[in-house]
Amino acid sequence: MNEKKFSAYQIFRWLIILLAVALVVLPILFLFFTSVKPQSELYNNPKILPTQFLWDNYKSIFTFESLNSGILFYLKNTIIVALVSTLITVAFGSMCAYGLSRLRKGKLIAIITAVIVVVRFYPKITVILPYFLLMKNLHLLDTLSAIIISHISIGIPLTVMMMTTFYNEVPKEMEEASRVDGASVLTTYFRVVVPTTLSGMAATAILMVMTSWNEFLLASGLASNHAKTFPIVIAGFVTDKGTDWGGMAALSIVAMVPMVLIVLFTQKYLIRGLTAGAVKG
Amino acid sequence: MLTTKKDRKYLWLLVAPALIIILVAQAYPLMYSLVVSFREWALATSDVPLGFTLDNYAKALTNPNFLYSCKISLQFMVRTIIIELVCGFSLAYLFIGSSKIIKLCRTVVLIPMSIASVVCGNMWRIFFDTNTGMVNLMLSAVGIQGPNWLGDPNWAMTAAIISSIWQYVSFSFLIYTASMTSIPDDLIEAAKIDGATRLGIIRKIFIPMTMPATLLILIFRIIDSFFVFDQIYTLTFGGPGTSTQVVSMYIYNQGLKYYNISYASACAWVVMILAFFICGLLLQFKKRVENSF
Amino acid sequence: MKRISWLALLVCIMMIVTSCGTSNPPAQTPSSDAPVSGAPAEGETPAPSAEKMTVTYMQSGINDEAAKALAAKFKEEHGVEVEVVAFPWDVLRQNNTTDILSGNHQYSVMSGGAYLVDIFSHMTPLTSYIEKDGFGEGLIPGLMDKTNYYEGEVIGIPYNLDAYGIVYRKDLFEEYGIALPTTWAEFYDCLEQLKAKLPPEIAPYAFAGGAPEQVGNLFLARYAGYYINSDGNYEIEEEKAAKAIEDIIKTYSYGPNNISSLSIDQANALFLQGNAAMTECWPSFLYGAATDPSQSSVVGKWGIAPYPTDGGVPFLSCWNMFIPKEIEDTDTAWQWVKEFASEENALDFFLDYNMAPIYSSVYTSPEVVEKFGEGAFDGHMQNVANAFDFPMSGEGQDIICRIVGDALVGKITSAQAAAQINQNLSSLTVTPQVLELAARDPRFIQK
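Keep in mind it's a predicted model, so treat the numbers as computed, not measured.

### Description of the overall build of chain C
Then, in step 1: What chain C contains, in helices and strands, is 18 helices and 11 strands.
Then, in step 2: When each of the 447 residues of chain C is scored for burial, the buried share is 50%.

What follows is the structure, given as structure tokens:
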């Protein structure tokens, strides 16, 4: 904005930028330090920097046996839940948003839109117990399917809201041209509209993956043992006896890494997707 | 656009799958909890819901502990949102630029948003530990005696707010960045040629033009911070005492710890109506702002 | 159309993946709905007939590890696959309760305690099993009275027994000629003497003031009044409660400055490193490490003292194994329970996993005496004999912990705290099960 490189404003600006970056990076770095410190340093002689780097906490996470019933198993669960929920949410949600935006507006559409959107706006805590009973009646308790269904149902409102703004932006001429050529609504949607709004779907997918991966309350309410996901394991680290800060830190770092990588590599698409649609109001 | 009957059939077909899932997986449990809130079901007294009663709502609206937790939630919401909006906006503005370094920095600042709330809460729990936590260690390195963050009722709320804004400023930062990118450069150039100061440009151009973004952030964050659960669960579990017992923790304790199920449902519906009301006000405001454009 | 088939393929993939996702680790799916052999015949308990069983324990590295060790042996001997699922304390309580509440009945044996009082009505009475198999010989005297009952029948088999106690430095007490306190007045006198004579780096007292709910244990030990009034409602005697709170504040004053922020591990570490002369804690968290030179500087120098009896009572922590009524194979479940709580396993579980035994013989066995010293557990046994469960529901306990906690940080005075406790308690109802629990000690209920 300003031509002068070293004006007071630029100095101020870079100071703040560095401060912001430091405030983000330092806690994560400290968490990493906590995961490699020897036990004694954690409780009795706390120092900021670790004197040695012990990798025991990580070793116990990545042992072979944990692949079947330990932490890697829960990691696998979390990946499956996140991927499947995202695929289905983005697919169904976009379709639904398109349908809602192209149908003739009336009371029914307004009600349906309201029903779908309202889900975003109440505390999940309200539905935990009824959810549990519902899944029990469907014989889906303690399965990944239950968690996936619940994640889809919380992801759909977000998808519908985001994609509706995208679909409102799509030039009508494109669709009309395709319809004039004799294509049905479905063909128009899948062949013409979807390719144009891919960036929006990508942005939604990224947000959905993060939401599902990190979701704790519903997953913990539905899964008692076999279908545990990562957040449940992390929240469960505090026992009556005390806390294994080092193990907890290691687990947190391992849980963070995939999502951080996703954000690092897709933030471009995220911003592009959001710019194109949602923030235009 | 005119749609034929056949078209409408297909459009409904597109809508159907999502709608079915929402009805089954959300509407049904929600209605169930509504019905239960009008009956009497506390595990201590019976295994199944009984009868019909308005007592649960009466109790919710007069219970000082519930009202106190509503107050705590509102305080939490207002404080976090103000800080998030201001910081997010300022950071988005300061980060405007297209050099590689800025892009890298921007990416880094987006990281906290991708971390699970429970991980964030746990992390800050480790950091806020009075004796071995990073925060107090660093404070004592500069000679300040850090407070008992998680054990002192006066400081626990501050700790919770810090943990929450650390995570969610990146959300408002993201939205504001996307919004500011779409502000046309020539507008800004024109203003500068006209002699506007930096602050003037911010006030007259940036703030109004990012209003949709502000509203979007408000809509999401008001609800999310009012109903915050994951972070509080891992950071303080509502303690010490009741100093961080936000509404979700209160309902959780009543419903899943003491199993006063219908009372918990009634409390949940009361806060939901409150939240809907706030949202309704916001949406009205949004419509008015949009119409004035 | 191509796109529709793409969608259909997607849905198929989803279904395949999720059914793969529900595949379980080498342990089992919940017990099948197969019918089961009939009621126990006269004489011996029939051989277990179900093939799989799920049992719950607290995830602590103690109970759950012992259970997993037994599960391996159980499979060999009986051919029954036992899946041990362990959760942290809150989640354990929640999952046990929801299992019953939802009619799921996935858990054949549940671990819990008095805090599960609301679902006691769903547990199988075990009196007939106990009589038939002769369980209970060699138990610590009076222990069966402290397990959980429903309508007069035993429903819980005890394991991992602990009672809140005073852990102290025997060597320092001997050196300064301080006698163990038998009354609360003497307790504070001890603290005064320690304060006068100890070098500055050793605090007279340490406590996990920062760990939630521990405060309630201090209150229970000091408060000398009733918890339920003669009308059958929750009420505490405000003057005595205020005094108890004042006493806790006084006790805290002998601790380090950060006493109200210490976690259990930190407080125990203070004692183990020799930086505190007395602490009130769960001895089972401490005595394993205390005998290990790599973790403690006080090997051979510590002891467990009995609480004075002129105040309240020590808090009992007696894990119980319950068998829900609606499961299919109660006999197999009983077989498991019996073996887990048996005398043969008690010594090994104690030495290997620090699981506190319920049999007197273990405490006097040669291996234990060698590891802990002669008479190390005498004071502890006195505490166990005097200990009781908190005579209130979980919500009542939380109310007391929370409000006493407020008084301890100076937010309210102790008199205000006592009044607030009663205000909050007045909105709760006392269920018959809690009444039954409270009736064990005459002091808990107003005459």
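### Considerations on the confidence of the model for chain A
Then, in step 1: When pLDDT is averaged across chain A, the result is 81; 87% of the residues are at 70 or more.
Then, in step 2: The secondary structure element of chain A with the lowest average pLDDT is helix H4 (residues 66-69) of chain A, at 57, and the one with the highest is helix H1 (residues 8-36) of chain A, at 90.

### Describing the domain arrangement of chain C
Residue and element names in this part refer to chain C.
Then, in step 1: Here chain C is described as being made up of domain 1 (48-161 + 319-371) and domain 2 (165-313 + 379-444).
Then, in step 2: Taken together, the 13 residues of domain 1 in the interface contact 13 residues of domain 2.
Then, in step 3: When the residues that make up the side of domain 1 that touches domain 2 are grouped by side-chain class, the tally is 9 nonpolar, 3 polar and 1 charged.

### Let's talk about the interface of chain B and chain A
Then, in step 1: The interface is formed by 77 residues belonging to chain B together with 78 residues belonging to chain A.
Then, in step 2: When residues of the side of chain B that touches chain A are assigned to their parent elements, the largest contribution, 20 residues, is made by helix H1 (residues 5-37) of chain B.
Then, in step 3: Tallied by class, residues from the side of chain B that touches chain A come to 56 nonpolar, 17 polar and 4 charged.

### Considering the sheet that holds strand S9 (residues 276-281) of chain C
Residue and element names in this part refer to chain C.
Then, in step 1: Taking strand neighbours across the sheet as the criterion, the 4 strands line up as S8-S9-S7-S10 in an open arrangement whose pairing is mixed. Each edge of the sheet is formed by a strand with only one pairing partner; in this case those strands are strand S8 (203-206) and strand S10 (302-305). Strand after strand, the sheet turns through a mean of 20° between neighbouring axes, direction not considered.
Then, in step 2: Across 4 bridges, the pairing between strand S7 (residues 165-169) and S9 is antiparallel. Bridged to Tyr 168 within S9 is Met 278.

### Looking at unusual backbone geometry
Then, in step 1: A positive phi angle, near 55°, is found at Tyr 259 of chain B, a position not held by glycine.
Then, in step 2: Phi at Asn 354 of chain C is positive, roughly 60°, even though this residue is not glycine.
Then, in step 3: Position of Asn 354 of chain C relative to the elements: it lies in the loop between helix H12 (343-353) and helix H13 (360-363).

### Quick word on the packing of helix H7 (residues 128-137) of chain A against H1 of chain B
Then, in step 1: Across the interface, H7 of chain A lies against H1 of chain B with an axial gap of 8 Å and an inter-helix angle of 120°. Classified by the interaxial angle, the pair formed by H7 of chain A and H1 of chain B is oblique. Seen from above, H7 of chain A lies across H1 of chain B with right-handed handedness. Contacts between H7 of chain A and H1 of chain B involve Pro 130, Tyr 131 and Leu 134 of chain A on the former and, on the latter, Tyr 28, Pro 29, Tyr 32 and Ser 33 of chain B.
Then, in step 2: Looking at the contact of H7 of chain A with H1 of chain B residue by residue, the classes come out as 6 nonpolar, 1 polar and no charged.

### Quick notes on the domain arrangement of chain A
All names here are of chain A.
Then, in step 1: Partitioning chain A into domains gives domain 1 (1-54) and domain 2 (62-280).
Then, in step 2: Contacts between the two partners involve 7 residues from domain 1, matched on the other side by 6 residues from domain 2.
Then, in step 3: Sorting the residues of the side of domain 1 that touches domain 2 by element identifies H1 and helix H2 (39-43) as the ones contributing at least two each.
Then, in step 4: Broken down by element, the side of domain 1 that touches domain 2 gets its largest block of residues, 4 residues, from H1.
Then, in step 5: Taken together, the residues that form the side of domain 1 that touches domain 2 break down as 3 nonpolar, 3 polar and 1 charged.

### Things to note about the confidence of the model for chain C
Close reading of the predicted structure is inappropriate where its pLDDT is low.
Residues and elements named next belong to chain C.
Then, in step 1: Taken as a whole, chain C shows an average pLDDT of 83; of its residues, 89% reach a score of 70 or greater.
Then, in step 2: The secondary structure element of chain C with the lowest average pLDDT is helix H1 (residues 2-21), at 43, and the one with the highest is helix H8 (residues 238-252), at 94.
Then, in step 3: In this model residues 1-46 is a low-confidence stretch, pLDDT under 50, and it forms 57 contacts with partners more than four residues away in sequence or in other chains.
Then, in step 4: Across the assembled chains, the prediction reports ipTM 0.83 with pTM 0.86.

### Re helix H6 (residues 107-118) of chain A
Then, in step 1: With 12 residues, H6 of chain A ought to run about 16 Å at 1.5 Å a step, and its terminal C-alpha atoms sit 16 Å apart, in line with that.
Then, in step 2: Taken as a whole, H6 of chain A has its buried residues at Ile 112, Thr 113 and Ile 116 of chain A. When H6 of chain A is viewed along its axis, its buried side chains cluster within an angular range of 100° and face the same direction. Exposed and oriented more than 90 degrees from the buried face of H6 of chain A are Lys 107, Ala 110, Ile 111 and Ala 114 of chain A.
Then, in step 3: The elements touched by buried residues of H6 of chain A are helix H5 (71-102) and helix H8 (144-169) of chain A together with H1 of chain B.

### Some thoughts on the environment of Trp 89 of chain C
Then, in step 1: In this fold, Trp 89 of chain C is placed in helix H3 (residues 89-101).
Then, in step 2: Through-space distance from the C-alpha of Trp 89 of chain C to that of Ser 60 of chain C is 8.8 Å; in sequence the pair is 29 residues apart.

### Considerations on the packing of helix H5 (residues 117-128) of chain B against helix H7 (residues 153-181) of chain B
Residue and element names in this part refer to chain B.
Then, in step 1: At a closest axis distance of 10 Å, the pairing of H5 and H7 adopts a crossing angle of 130°. Judged by the angle between their axes, H5 and H7 are oblique. Here H5 and H7 pass one another in a crossing that is right-handed. For the pair H5 and H7, contact is made by Ser 117, Cys 120, Gly 121, Trp 124 and Phe 128 and by Ala 159, Ser 163 and Gln 167, respectively.
Then, in step 2: Along the lines of polarity and charge, the residues of the contact of H5 with H7 split into 4 nonpolar, 4 polar and no charged.

### Examining the sheet that holds strand S6 (residues 156-163) of chain C
Through backbone hydrogen bonds, the strands of a sheet pair up, either in parallel or in antiparallel fashion.
Residues and elements named next belong to chain C.
Then, in step 1: Taken in spatial order, the 3 strands make up an open sheet running S3-S11-S6, and their pairing is antiparallel. Each of the sheet's edge strands pairs with one partner strand only, and the pair in question is strand S3 (110-112) and S6. With strand direction ignored, the average angle separating the axes of adjacent strands in the sheet is 20°.
Then, in step 2: Strand direction decides the pairing type here: S6 and strand S11 (residues 316-322), joined by 7 bridges, are antiparallel. If you follow Gly 156 over to S11, its bridge partner there is Phe 322.

### Notes on the nonpolar core
Then, in step 1: Core analysis: the biggest nonpolar cluster contains 172 residues, and Cys 96 of chain A together with Cys 267 of chain B have the highest contact counts within it.
Then, in step 2: Among the elements that make up this core, the one with the highest residue count is H5 of chain A (16 residues).
Then, in step 3: Non-local contacts of Cys 267 of chain B, meaning those with residues more than four positions away in its chain, are made with Ala 60, Phe 66, Tyr 250, Ile 251 and Gln 254 of chain B.

### Brief notes about the pairing of S10 of chain C
All names here are of chain C.
Then, in step 1: A two-sided burial pattern is seen for S10, the buried positions comprising Trp 302 and Ile 304 on one face and Gly 303 and Ala 305 on the other.
Then, in step 2: Two strands pair when backbone bridges link them, and S7 and S10 are joined in this way by 4 bridges, in the antiparallel orientation. Counted as the bridge partner of Val 167 is Ile 304 from S10.

### Topic: the environment of Leu 29 of chain A
Then, in step 1: Positionally, Leu 29 of chain A belongs in helix H1.
Then, in step 2: Residues Leu 29 of chain A and Glu 175 of chain A, 146 residues apart in the sequence, show an inter-C-alpha distance of 51 Å.

### Thoughts on the pairing of strand S1 (residues 52-58) of chain C
Two faces make up the sheet, and in a regular strand the side chains alternate between them.
All names here are of chain C.
Then, in step 1: By the criterion of burial, S1 is predominantly enclosed, with 6 of the 7 residues buried.
Then, in step 2: In the sheet, S1 pairs with strand S2 (residues 81-87) via 7 bridges, with the strands oriented parallel. Each bridged residue has a counterpart across the sheet, and for Met 53 the counterpart in S2 is Val 82.
Then, in step 3: Once you follow S1 into helix H2 (residues 63-78) and on to S2, the crossover reads as right-handed.

Each value, and the rule that gives it
- Residue positions are given per chain, counting from 1 as you read along its sequence in written order.
- By the order in which they are written, chains take letters starting at A while ligands take numbers starting at 1.
- Residue-level local features of this predicted model are given only where pLDDT is at least 70; pairs of side-chain atoms are given and counted only at 80 or more, and the full residue set underlies all totals for whole chains, interfaces and linings.
- Helix and strand definitions here come from DSSP, where helices need a minimum of 4 consecutive H or I residues and strands a minimum of 2 consecutive E residues; each element is numbered from the N-terminal end.
- Whether a residue is buried, exposed or partly exposed follows from its count of other C-beta atoms within 10 Å of its own C-beta, namely 20 or more, 12 or fewer, or something in between, respectively; the C-beta atoms are built from the backbone.
- Confidence per residue, as judged by the predictor, is encoded in pLDDT with a range of 0 to 100.
- All the domain ranges listed were derived from an automatic or database domain assignment.
- Placing a C-beta atom from the backbone of each residue, one calls two residues in contact when those atoms lie within 7 Å.
- When residues are sorted by character, Ala, Val, Leu, Ile, Met, Phe, Trp, Tyr, Cys and Pro go into the nonpolar class, Asp, Glu, Lys and Arg into the charged class, and all the rest, Gly among them, into the polar class.
- Two strands make a pair as long as DSSP finds a minimum of two bridges between them.
- Under this scheme, a helix contributes an axis fitted over its contacting stretch, all axes are lines through C-alpha atoms, and angles between N-to-C directions fall in the 0 to 180 degree range.
- An angle below 35 degrees is read as roughly parallel, one above 145 as roughly antiparallel, one from 65 to 115 as roughly perpendicular, and any other as oblique.
- Here a crossing is called left-handed whenever its near helix is offset anticlockwise from the far helix by less than a right angle, and right-handed whenever the offset is clockwise.
- Each residue after the first adds 1.5 Å to the expected span of a helix.
- As used here, the arc is the angular range of directions from the helix axis to the C-beta atoms.
- Buried Ala, Val, Leu, Ile, Met, Phe, Trp, Tyr and Cys residues whose C-beta atoms connect them within 7 Å together make up a nonpolar core.
- Seen with the strands pointing away from the viewer, any crossover whose path from the first strand over the helix to the second strand runs clockwise is right-handed.

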